[in-house]
Structure formats: structure tokens, C-alpha cells
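Topology and contacts: notes
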Amino acid sequence: MELKVGESFELLEFQEGSTPLLSKLKSMGLREGKKFKVLMENGRVYLIKLDNSRIVLDKSLVKHLKVRKI
Amino acid sequence: MKKITVAVVGNPNVGKTTLLNAVAGTSLKVGNWPGVTVEKKEALVKFGDYEIYLVDLPGIYTLEPISEDEKIAIDFLKNEKVDVILNILDATNLERSLLLTAELLPFKKPTLLVLNLLDEAEKLGIEVSEEKLSELLRVKVVKTVASKGIGTKEVLPAIIETYEKKLIPFVGKEVPKELSEDQKFAIAHGIYEEVVKKKKHVERDLTDLIDYIVLHPVLGVFIFVAIIFLLFKIAFDFSSPFVDWIEGFFKDFLIPAVISVLSFFNAPEIVSRFFAEAVVGGVGFVLTFIPLIFVLYFLITFLEMSGYVPRVAFLFDKYLHKFGLHGKGVIPLILALGCNVPAIVATKTLESWKEKLLVIAMIPFISCPARLVVFSFFALVFFPEYPALVITGLYLFGILVAFLTALILKKTALKGSISHFLIELPPYRFPSLRTVLNISWIHVKDFIYRAGTLIFVASIFIWVLLNFPPGVSSPKDSFAGKIGEALVPIFKPMGIDDWQATTSIIPAFLAREIVLSSMGVIYSAEGNLQKKSTENFQFLEAIKEQGKGLALAVKSAFTSLFSLSLQTFEVEEGEESLRSLIKQSFDKASALAFMVFILIYTSCLGTYATMGREIGYKLATLFLAYSFFLAWALGTITYNLFK
């Protein structure tokens, strides 16, 4: 799913298995039910704001996230 | 004295280094974890009847073995005799910090919680009750603002108390050896809800506002270029007056003074010259590196701790990705323009061993000021109509060779895709200057110990080569001259066929810029190695001169900051006598070939020693050989193309 800059999303669930990187993303605070906002996009990465942290993540990781726009 | 081992655990950017610096001060040591290239910080502090050994584990979000960082942490906690865990929490991201705390519970070790970044929490309207936190986990909690030294004095006494009373965290029921994801989230969330109150909602803070500009795809690049320009300007223009002063101090004061004293005791000339020129001179030579290296590390550490560095990775990943490199590689590559040594150390932020090796293999081809000194001289002598063009061409050629090396390695020995991008951008922070100073000083000490000792020994060795057999008066008859003559056939294909040029290359292995001063000595009129007479050396006069010189150096350092141009890079004219002598030995084509050789061959002990430490001496030596053959081949091709 393409995430648009400036929009906010809620994570519904993690899909398609688990990888070390997804574990790291979970430990960085992204959990089912959490809301985040897409601040920027640059090449292969998104910059999101999650609670009080700013996380840069690969677009390929986003494929594993089932989100809904809020 | 009882020794307590304390493992310092926490998320990245939570302030572990700043706290450790505030608690341990100058006893902080930086090294590498054995077998890997992850930085290890440790400190041994005496407090009361105890010797507290603090080990800073890499910043991690979880103990799940995702990368080297987590494996190091798990291994240390499981296998080393850890007496106390010092768990540092981020008050602005407490729920997340507590996830790690939950994962630490099964270890059943006495734990001290430090709640850091309280000032930032307050700005965000977050209030944390440390009493409640302490009550829920049954351990001590210390509140700190480590960057300002607030609360840090309570940490050591709290560690002792935690140890003596065996304060093991307990959440009300027995925790299983392996916590499931849901269990650890439940623990973290439960504690968070009880302990944190949010007084106000802050949608956008200062960091977000700054990021709109700094991370802008176009503006951000301009800001980056400006910051890099400032970095180099401050580093070079501020340090070079001190470098010049140190050189002068040794050449005009210390060395003549030592010769004076030794000859007073009737020491044979060769002995007094050995002690003065080789030993004392060797020390002086190592010291000339320090001002630049210190200032560079200071500025780089400042930038790192301010939060700017990961943002550069975000900005440039788009471009570097096309070359099969991670965005994080841009900082070491840019730093290489200033000096290859801190650039190699900066690759520690790259996650995979392959990526690190890749960037380290690129760095030595990126030209640095030492090479610029040589290029400036030769370009002015042989290409007076367009020296800047030649120099720029050489710089670009070096960058080209760097990227080509990376591409070849990516297709062969270092095959594999780039690691994914998943990093946190910390908020912008003004770093604690004490911490930055201390960390910079630690890096300088490391440089002196590693590269410095190697450079010192090598410079003595080279002095011996140039001044032996004893009584030799012309460089041609010295051991170095004989070696230089033997090297001529190797350099002939590059158009270089006199022993003076090849002999000058030998000392240049210490540091490239020496090739010029060696040429100065070796080419000069009578090839006279004897130094000027020290009969007229007046101790008091000389000290006064040095004092005046130092004051001037300090003034020069500060005033240079106010001019907009990069004064160090301003091309100097060079000695008239050497210019005319060089013209007899080189022509345009061989001069160009020589510059290409100096550009490509890793003729720098500092770089070699640093590479050896980061990737092992076997690989470093292999790379050295590669750069020599490549330099020779490219130099030969250059000569034949342009002759």
C-alpha cells in the first residue's frame, strides 16, 4: 500500500510472516493499534512520526503492514 | 576493594554516552568489542570501598538477535559476571524504553533504572512519577538530565545500594524465562499507563520545524554542503596555525636545544643528531597531526550527538542506493575529504560487515589535504595556466576510482544486497560540550597510541635510512638513496627515472605531504644533510620566540574563522629553488603520472593503522598492495597517454 505524505494511519496488523527487521520495528514501538503520521518520503524510504519518535523505514517493510487511513 | 561489573543498557539515543561521561569522566575508554567492529565504551571508577566497572552495551531496542549489537548485549548479560544492570530509560518514549526493561526481567539481576531526558519530557508536557515506577518494579529510580549533569551524582551511590540490597526488579508475579511478545508489551504498557501523565499535547516541536528545511530534498542538500564547508573550514583554518607552531617549536627550539645540550656533553655528532632529529623530531612529527585530528573529531562528534548525522543518511540514501551503497555511507565518504583516518572510524555506523568493508575500500581514494599540498605544488610548477583544473580533475578521478572499486567489489567479493533502512532520527539536541571534548580526546589518544607509535618508529627508521652509513654527506650515498636507486626501474614506466624522486617516496609513506619536504632535502643544491650550526642557539631567546609564536598561532586560529575562504587550501607558492630543480627531473606527463600515483597509493601510515584496527591488518595490508599496484598501473597509463 502506498502511504501518502501528510496522512495518518493506524496499524491493524503485521502481515506475511516475521523477519528480524519487523521485530526491530515492533521494538521501536510500532504495534497493532498504534497511530503514526507520514512526514516525508525520499527514494526508497518513508519518515514517520510515531508517538514522540521519528522513524525512517524502507518502503519494502511497509508491505508487511496492514494499515487504515485515519 | 570489591569490584562490581555494571552493564549499561538502553535504547539508542537515550543518552548513555552522556551519562557515562558524567559519571565516569576521564576514565572512559573507547575500543571495539572483540572480533567485531562495534564500538565498546567502558570505564573503571572508584567509589567508596568499590571499584565499579561500567560497560556500555550497544544501544538496542530489543534483546532479540537482529544484528551484532543485540548479540553482543545478550552474550555479555548471559556470560559475563554482571552484578548490576544500569537500565537507562527515555522519559519522552517511556513505553518503548520499558519494552527492553521487560526483556531484562528474566535475567533476575539487580537493576537500577535511570530516567533520562527529563528536560525534553517536560517540553513535551510529559510527567513521569519515579516513585510509582520504583514502587511497581521494586527497584531504585534515579532522575537525570545527563547533558546538564543533573542527577548524575546520585547514580554511583544508587548502584552501590542496588548491589548491596540486591534490588531485583519484580512485577508482582514470577516472570517466565522467555517472555512472549504480548507479555512484554503488556508489562511495558501496564507500567507506562500507571506512571506517565501527559499534561499537554504537542503536535509539532522544534525538531519537526527544523526538519522541514534540513530534510528538504533540495534545501537539505544546500544546508549539507554549507555544514561540510564550515566543518572543513573550522577544522583546517583553526588547526593549521597550531600545526605550524608545533613544527616551528621542534625545528627552531627543541631540536637545536637537544643538540646543544648533547654537544655540551661531547656526544658524537651522529648520536646527538639521532636523539634530536630522529627521536625528538619523530615525536614532534606525530604531534603535528594532533591539532587537526582533535578539531575534526570534535566537530564530527558534535554533529553526531546533535542528531544531524542520521538525517544525512536519509537525505542521500536515494543517490547512494543507485551505487549499491547505504545512505549511512555518505558521512564517512565526505569526511574522507578532510582526513581518511576519522572517515574510516566513522564507518562504525554501517550495520553490515560487507557495507563497512565496501566504504572502507573507497575511502583511501578520496583525496585529502595532504595530497592537496603535493598537487598544489606540482600543478603550479607544471601547469601554471590552469592548476585548479588539474587539481579538480585529480579529485574527481579519485572519486571515480573509489566508486569503481565499490562496484567491482559488489559484483565479486562483497556480493549481496544493501541492508534495509530502519533507523530512528533522534530529536535535535545541543550536545554536552564536556562529553564532546572527552570523546574527542579519547579518539585522539587512540590515534596517538595506534598510528602515532607506528609513525614514530617509522620516522626514526627513515631518518636512519637517510643518515646512514654514518658520515654520509649526500643523500645519494645513504641507505635511502641506494633503495631509491633500486626503485628507479619500477618507476621508469611512469616517466620517473631519477633516484631523487624515488628516494623521496620512501619517507612519504609516513604521510604524503612529506614527499615535498623530502624532495626539498634530497634535491637541494649540495644535497647537504648537515643541519645548520647550533652554536648560535640561545635558550632564553628561543623560548621567548616560541612563546610569541604560540600567542600568534592562537590569534591566527581565531581570526581565520572570520574569513570566508578556506585559507589552508589556498595554494602556496613553494620554494623557488625546489621548483627549478624539480623541473629538471619531471616533465608535464611524468608530473601528472606522479600526482596520480600519490593520489591512488595509500601512502599514509595513519590510514593504514586505522584500517588495520577496523578490518584487521591482513586485509589492510592486502588493500595497501592493491592500491600500490593500481597506483603504479594508473600512473604508467597516465604517463603514456600524455607524453
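Below, the structure is looked at part by part. (Residues numbered from 1 in each chain as written. Chains lettered and ligands numbered in written order. Predicted model: local features only at pLDDT ≥ 70, side-chain atom pairs only at ≥ 80, totals over all residues.)

**A few points about the overall build of chain B**
Inclusion rule: A helix here means a DSSP run of H or I that spans at least four residues, while a strand means a run of E at least two residues long, and both kinds are numbered starting from the N terminus. Here the radius of gyration uses the C-alpha set of atoms, whereas the globule reference equals 2.2 Å times the residue count to the power 0.38. Exposure classification rests on a simple neighbour count of other C-beta atoms within 10 Å of a residue's own: a residue reaching 20 or more is buried, one at 12 or fewer is exposed, and one in between is partly exposed. C-beta atoms are placed from the backbone. By definition, residues are in contact whenever their C-beta atoms, placed on the basis of the backbone, come within 7 Å of each other.
Each helix and strand counted, chain B has 26 helices and ten strands in total. For a compact globule of 643 residues, the expected C-alpha radius of gyration is about 26 Å, and chain B comes in at 28 Å, within 12% of that figure. For chain B, the C-alpha atoms occupy an extent of roughly 85 × 60 × 45 Å along the three principal directions. Here chain B holds 643 residues, and 46% of them are scored as buried. Partitioning the intrachain contacts of chain B with sequence separation of at least 6 by distance along the chain shows that 76% fall at a separation of at least 24.

**A look at the sheet that holds strand E2 (residues 28–32) of chain B**
Residue and element names in this part refer to chain B. Filter applied, for reference: Any two strands between which DSSP finds at least two bridges are classified as paired. All axes here are fitted lines through C-alpha atoms, helices being fitted over the stretch that makes contact, and every angle between N-to-C directions spans 0 to 180 degrees.
With mixed pairing, the seven strands of this open sheet are ordered in space as E2-E3-E4-E1-E5-E6-E8. Lying at the two open borders of the sheet, with one neighbouring strand each, are E2 and strand E8 (141–143). Sheet twist, expressed as the average angle between the axes of neighbouring strands with direction ignored, equals 25°. Pairing between E2 and strand E3 (residues 39–47): five bridges, direction antiparallel. Paired with Gly 31 across the strands is Lys 40, a residue of E3. Contacts from helix H6 (residues 155–164) reach strand E1 (2–10), E3, strand E4 (50–56), strand E5 (84–90), strand E6 (111–116) and E8, with the element oriented near 155° to E6.

**What about helix H9 (residues 219–264) of chain B?**
All names here are of chain B. In plain terms, the rule: An expected span of 1.5 Å times one less than the residue number is assigned to each helix. At every residue, the bend is computed as the angle between two fitted axes, covering the seven residues ending there and the seven beginning there respectively.
Along its 46 residues, H9 runs 66 Å from first to last C-alpha, staying within 8% of the 68 Å computed at 1.5 Å per residue. Remark: the principal bend of H9, roughly 35°, maps to Phe 250. A positive phi of about 60° marks Asn 266, the residue just after H9.

**Remarks on the packing of helix H18 (residues 433–467) of chain B against helix H25 (residues 605–615) of chain B**
Residues and elements named next belong to chain B. Filter applied, for reference: Oblique is the label for every angle not falling under 35 degrees (roughly parallel), over 145 degrees (roughly antiparallel), or within 65 to 115 degrees (roughly perpendicular). Put simply, a crossing is left-handed when the front helix is turned counterclockwise from the back one by less than a right angle, and right-handed when it is turned clockwise. Amino acids are sorted into nonpolar (Ala, Val, Leu, Ile, Met, Phe, Trp, Tyr, Cys and Pro), charged (Asp, Glu, Lys and Arg) and polar (every other residue, Gly among them).
Orientation of H18 relative to H25, taken along the N-to-C sense of each, is 135°, at an axis distance of 9 Å. Compared by their axis directions, H18 and H25 come out oblique. Where H18 crosses over H25, the handedness of that crossing is right-handed. For the pair formed by H18 and H25, the contact residues are Arg 450, Ala 451, Leu 454, Ile 455 and Ala 458 on the first element and Leu 605, Gly 606, Ala 609, Thr 610 and Arg 613 on the second. Split by residue class, the contact of H18 with H25 holds six nonpolar, two polar and two charged.

**As for the interface of chain A and chain B**
How large an interface is tends to be reported as the accessible area lost when its parts come together. Taken together, the 25 residues of chain A in the interface contact 23 residues of chain B. For the side of chain A that touches chain B, the elements supplying multiple residues, two or more each, are helix H1 (20–27), strand E2 (35–42), strand E3 (45–50), strand E4 (53–58) and helix H2 (59–62) of chain A. The pairing of E4 of chain A with strand E10 (residues 422–425) of chain B spans four bridges and is antiparallel. Bridge pairing links Leu 57 of chain A to Leu 422 of chain B in E10 of chain B.

**A look at the packing of helix H10 (residues 269–287) of chain B against H18 of chain B**
Residue and element names in this part refer to chain B. Relative orientation of the contacting elements H10 and H18 amounts to 145°, with a least axis distance of 9 Å. Note on packing geometry: the crossing formed by H10 with H18 is right-handed. Mapping the contact onto sequence places Glu 277, Ala 278, Val 279, Gly 282, Val 283, Phe 285 and Val 286 in H10 and Ile 448, Gly 452, Ile 455, Phe 456, Ser 459, Ile 460, Trp 463 and Val 464 in H18. Its residues assigned to classes, the contact of H10 with H18 comprises eleven nonpolar, three polar and one charged.

**Observations regarding the sheet that holds strand E5 (residues 65–69) of chain A**
Paired through backbone hydrogen bonds, the strands of a sheet run either parallel or antiparallel to each other. Overall, antiparallel pairing links the six strands, which are arranged E5(A)-E1(A)-E2(A)-E3(A)-E4(A)-E10(B) in an open sheet. Each having just a single partner strand, E5 of chain A together with E10 of chain B make up the two edges of the open sheet. Averaged over all pairs of adjacent strands, the angle between strand axes in this sheet comes to 40°, irrespective of strand direction. Each of E2, E3 and E4 of chain A together with E10 of chain B is contacted by helix H12 (residues 309–320) of chain B, which is oriented at about 135° to E10 of chain B, the strand it contacts most.

**A few points about the pairing of strand E1 (residues 8–14) of chain A**
Residues and elements named next belong to chain A. Of the pairings in the sheet, the one linking E1 to E2 comprises three bridges and is antiparallel in character. Bridge pairing in E2 links Glu 10 to Lys 35. Bridge analysis of E1 against E5 gives five bridges, and the strand direction is antiparallel. In the sheet register, Glu 13 faces E5, and the bridge partner there is Lys 66.

**A short note on unusual backbone geometry**
All names here are of chain B. Geometrically, the link from Phe 468 to Pro 469 is a cis peptide bond, its omega value of 5° lying close to zero. Structurally, Pro 469 can be placed in the loop between H18 and helix H19 (479–491). With phi around 65°, Leu 117 is a residue other than glycine that occupies positive phi space. Residue placement: Leu 117 occurs in the loop between E6 and helix H4 (118–123). Given 29 C-beta atoms within a 10 Å radius, Leu 117 is considered buried. For Asn 266, which is not glycine, the phi torsion reads 60° and is therefore positive. As for its position among the elements, Asn 266 is in the loop between H9 and H10. Look at Asn 266 and you get exposed, because 7 C-beta atoms sit within 10 Å.

**Observations concerning the nonpolar core**
Residue and element names in this part refer to chain B. To keep things clear, this is the line we draw: Any set of buried Ala, Val, Leu, Ile, Met, Phe, Trp, Tyr and Cys residues joined through C-beta atoms within 7 Å is what this text calls a nonpolar core.
Within the largest apolar cluster, 191 residues are counted, with the highest numbers of intra-cluster contacts made by Leu 86, Val 114, Ile 159, Phe 594 and Met 595. In contact with Ile 159, not counting residues within four places along its chain, are Ile 4, Val 6, Ile 52, Val 84, Leu 86 and Leu 112. Core analysis: the second largest hydrophobic core is formed by ten residues, Val 258, Ile 259, Ala 276 and Ala 553 among them.

**Thoughts on H25 of chain B**
Residues and elements named next belong to chain B. Most of H25 sits out of view: nine of its eleven residues are buried. Residues of H25 that are buried: Leu 605, Gly 606, Thr 607, Tyr 608, Ala 609, Thr 610, Met 611, Gly 612 and Ile 615. Of the surrounding secondary structure, the elements contacted by the buried residues of H25 are helix H14 (340–345), helix H15 (353–362), H18 and helix H26 (617–642). Positive backbone phi, at 95°, marks Gly 616, one or two positions downstream of H25.

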